[in-house]
Amino acid sequence: MTGDVAVLGVGLHAWGKWGRGFVEYGTVAARAALADAGLEWGDVQSVVGADTVRGGYPGYVAGATFARALGWQGARVTSVYAACASGAQAIATARAQILAGLADVVLVVGADAAPKGFFAPAGGDRPDDPDWLRFRLLGATNPAYFGLYARRRMALYGDTAEDFARVKVKNAAAGAANPYARYRKPVTAAEVAASPVVADPLRLLDICATSDGAAALVLCGQEYARRRGVADPVRIRAVSTVTPRYPRTDLDLPDIATDSAAAVPEPPVAFRPSVARAAYEEAGLGPDDLSLAEVYDLSTALELQWYEDLGLCAEGEGAALLREGTTALGGRLPVNPSGGLASFGEAVPAQAIAQVCELTWQLRGQAGARQVPGARTGISVNQGLFGHGSAVVAVR
Amino acid sequence: MARTRKPVVQGWFTGDGDGVGDGNGPGSPGFRLLGTRCGDCGAVFFPRVDSFCRNPGCAGTELTEVPLSRRGTVWSYTDGRYRPPPPYVSDPAVPWRPYTLVAVELAAERMVVLGQAAPGVTVADLRVGMPVEVVPGVLGEDAGTVWTTWWWRPVPHDGRGRV
Ligand SMILES: [Zn+2]
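Residues numbered from 1 in each chain as written. Chains lettered and ligands numbered in written order. Predicted model: local features only at pLDDT ≥ 70, side-chain atom pairs only at ≥ 80, totals over all residues. Heavy atoms only, no water.

## Examining the overall build of chain B
Along the backbone of chain B there are zero helices and nine strands. Reading chain B from its N end, one meets helices and strands in the order β-β-β-β-β-β-β-β-β. Every one of the 163 residues in chain B was classed for burial, and the buried ones make up 48%. The contacts in chain B between residues at least 6 apart in sequence include a share of 52% that link residues at least 24 apart. (Helix = DSSP H or I, 4+ residues; strand = E, 2+ residues; numbered from the N terminus. Buried < 20%, exposed > 50% of the residue type's maximum accessible area, 1.4 Å probe, protein only. Contact = heavy atoms within 4.5 Å.)

Encoded structure:
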């Protein structure tokens with residue numbers, strides 16, 4: 001298809017708590033992606049960075065920081081901030097530049113050195129910032145919102161703590177086979193149940209950790225790929241970057257309240273499913289065409305929500321899909337074969353890019369012990385604070 | 001020196017939260033969360049929106065203050081077993097005591113509003129769908145100020161315990 005761009009190279013820095021700077025992680029990932037593409041840094045005409053600060057998530061630096069670390073060479077430069085969706089929006093930016101003819105080959109980089117424990121807003125008295133307000137007024141951490149969603153699923157659909165634990169067990173089993181994952185040990189349901197409660201009903205092993213990490217992609221036009229002798233590259237067919245529609249009636253962090261649906265009826269499709277739907281429409285395919293999916297499992301319960309929002313099953317049937325083994329490695333539609341955030345942890349500007357690295361390895365057949373046999377089509381989906389949604393569809 | 005009572009955020013609920021002299025004592029029907037309503041389309045906002053209506057189909061700029069429903073039903077609930085980071089204020093010298101968070105569905109406004117539960121209300125006391133009401137609360141105190149807020153608590157049941 002004419003709208004496709006090729007993934008020529010992918011690279012990660014192993015995730016963990018390494019105690020070094022995000023520039024170093026990002027540079028390692030970028031050099032790995034360039035090596036995978038068989039290109040020199042000097043071949044890159046544009047660099048797009050997903051933003052971070054030095055230890056947090058509001059964005060200040062990215063594209064030029066990596067360009068400097070790799071050596072100033074005069075490339076076009078862009079920095080993108082969309083919270084957890086930053087990486088996907090960086091990919092969208094790179095793709096748009098390629099399709100517009102502004103650059104043949106673009107390097108996309110996201111990296112972070114995350115703080116320990118809960119994410120928190122930047123300092124100072126900032127009552128005009130909804131993120132500051134939810135902490136100051138309520139002490140509502142990210143896991144608190146995940147706990148609200150989990151409890152709501154239990155009340156509405158009959159999900160159980162054991163269902164949530166099954167997600168962790170599944171993702172840990174996959175992550176154990178991923179050399180870039182932070183946690184590479186299988187986890188049992190008993191271990192999840194024995195971990196301390198963080199935000200009722202969720203326990204420590206239900207919630208993803210914060211991590212250091214980095215991911216990078218080299219994207220190019222299809223003609224450029226052919227000239228490089230790459231006849232059948234993994235291609236990015238869609239990148240959805242939609243906002244919610246008013247009135248937004250799903251309570252989401254960092255908001256203290258939803259929009260009211262009293263004066264304007266709520267939209268027919270809620271936010272998370274609208275992110276997936278936009279990607280499907282752009283790619284011209286649907287959930288039945290997928291070989292695998294990478295979703296933001298910020299909590300175990302949230303992964304089940306994504307099954308439904310992606311249309312893998314009907315609303316309320318996520319736990320049943322999990323229980324029957326459909327979404328495990330070896331199942332009909334593996335979800336998070338990389339191990340997911342459960343195995344990686346959060347390195348905010350990097351994770352949406354890391355999802356596409358995994359799609360690429362899977363579609364190339366290079367995923368080793370976690371390979372989904374015959375994978376042809378994959379979707380990654382995520383959601384960033386403040387109304388940023390993103391999904392990427394990759395095909396082979 | 002007497003501490004001043006101050007809302008932790010201005011204009012989100014009635015009075016200064018102490019209930020003195022304004023009929024807003026604990027359990028009093030006078031205490032309300034305050035939102036705004038667009039004069040053109042009727043959309044209601046909480047937290048308040050004062051300059052421009054956020055309905056994409058409306059150009060309204062006249063938003064007037066409106067009290068929200070005093071009672072709602074539990075949409076979901078959770079708690080915080082670990083001390084949250086600043087700007088949540090807590091004394092690191094004092095052992096952490098979990099607080100309970102309640103998301104409450106307001107039928108008339110068709111919206112969900114999050115808040116801390118009144119002290120003593122734990123997740124074991126709550127169920128999705130249970131009726132709750134808003135009451136004046138205290139978030140914390142420092143040298144000169146008692147910071148007031150709103151709390152959700154199960155609707156009392158004729159003095160025979162909780163609903
Ligand atoms: Zn309006």
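Read on for the rest.
## Some thoughts on the side chain of Ser240 of chain A
Inspection of the secondary structure puts Ser240 of chain A in strand S10 (residues 234-240). In this structure, Ser240 of chain A is in contact with Val275, Ala278, Ala279, Gly389, Ser390 and Ala391 of chain A, ignoring residues within four places of it in sequence.

## So, the coordination of the zinc ion
Ideal values for angles at a metal depend on the geometry: 109.5 degrees with four tetrahedral donors, 90 or 180 degrees with six octahedral donors. All names here are of chain B. For the zinc ion, the full set of protein donor atoms is Cys38 (SG), Cys41 (SG), Cys53 (SG) and Cys58 (SG), at a range of 2.3 to 2.4 Å. Around the zinc ion sit four donor atoms; with metal-centred angles ranging over 104 to 116 degrees, the donor geometry is tetrahedral. In primary sequence terms, the donor set of the zinc ion follows C-x2-C-x11-C-x4-C. A residue pair is termed long-range when its members are at least 10 positions apart, and Cys41 in the loop between strand S2 (34-38) and strand S3 (44-45) and Cys53 in the loop between S3 and strand S4 (63-67) qualify at 12 residues. On the basis of relative accessibility, which here comes to 9%, the residue Cys53 falls in the buried class. (Donors = N, O, S within 2.8 Å, 3.2 Å for Na, K, Ca; no water. Tetrahedral: all angles 85-135°; square planar, octahedral: opposite > 155°, others 65-115°.)

## Details of the interface of chain B and chain A
The partner chain A presents 39 residues to the 45 residues of chain B that form the contact. Regarding the contact of chain B and chain A, the summed buried area is about 3,600 Å², with carbon and sulfur atoms giving 65% of it. For the interface between chain B and chain A, the tally reads two salt bridges. Between Arg110 of chain B and Glu266 of chain A there is a salt bridge, and its shortest N-O distance comes to 3.2 Å. Viewed at the interface, chain A and chain B are joined by 14 residue pairs in polar contact (both at pLDDT 80 or more). Counting residues per element, the ones that place at least two in the side of chain B that touches chain A are S3, strand S5 (71-80), strand S6 (99-106), strand S7 (111-117) and strand S9 (145-154) of chain B. Of the residues assigned to the side of chain B that touches chain A, the class counts are 32 nonpolar, seven polar and six charged. (Buried area = accessible area lost by both parts, 1.4 Å probe. Salt bridge = Lys/Arg side-chain N within 4 Å of Asp/Glu carboxyl O. Polar contact = N/O pair within 3.5 Å; in protein donor to acceptor, adjacent residues only side chain to side chain. Nonpolar A, V, L, I, M, F, W, Y, C, P; charged D, E, K, R; others polar.)

## Some points on the pairing of S6 of chain B
Residue and element names in this part refer to chain B. In terms of residue burial, S6 counts as a mostly covered element, since seven of its eight residues are buried. Pairing geometry for S5 and S6, over seven bridges, is antiparallel. Bridge pairing links Tyr77 to Val102 in S6. Pairing of S6 with S7 involves six bridges; the strand directions are antiparallel. Bridge pairing links Leu101 to Gln116 in S7. The hairpin turn running from S6 into S7, its antiparallel successor, is four residues long, and Arg110 in that turn takes a positive phi close to 50 degrees. (Pairing = 2+ DSSP bridges.)

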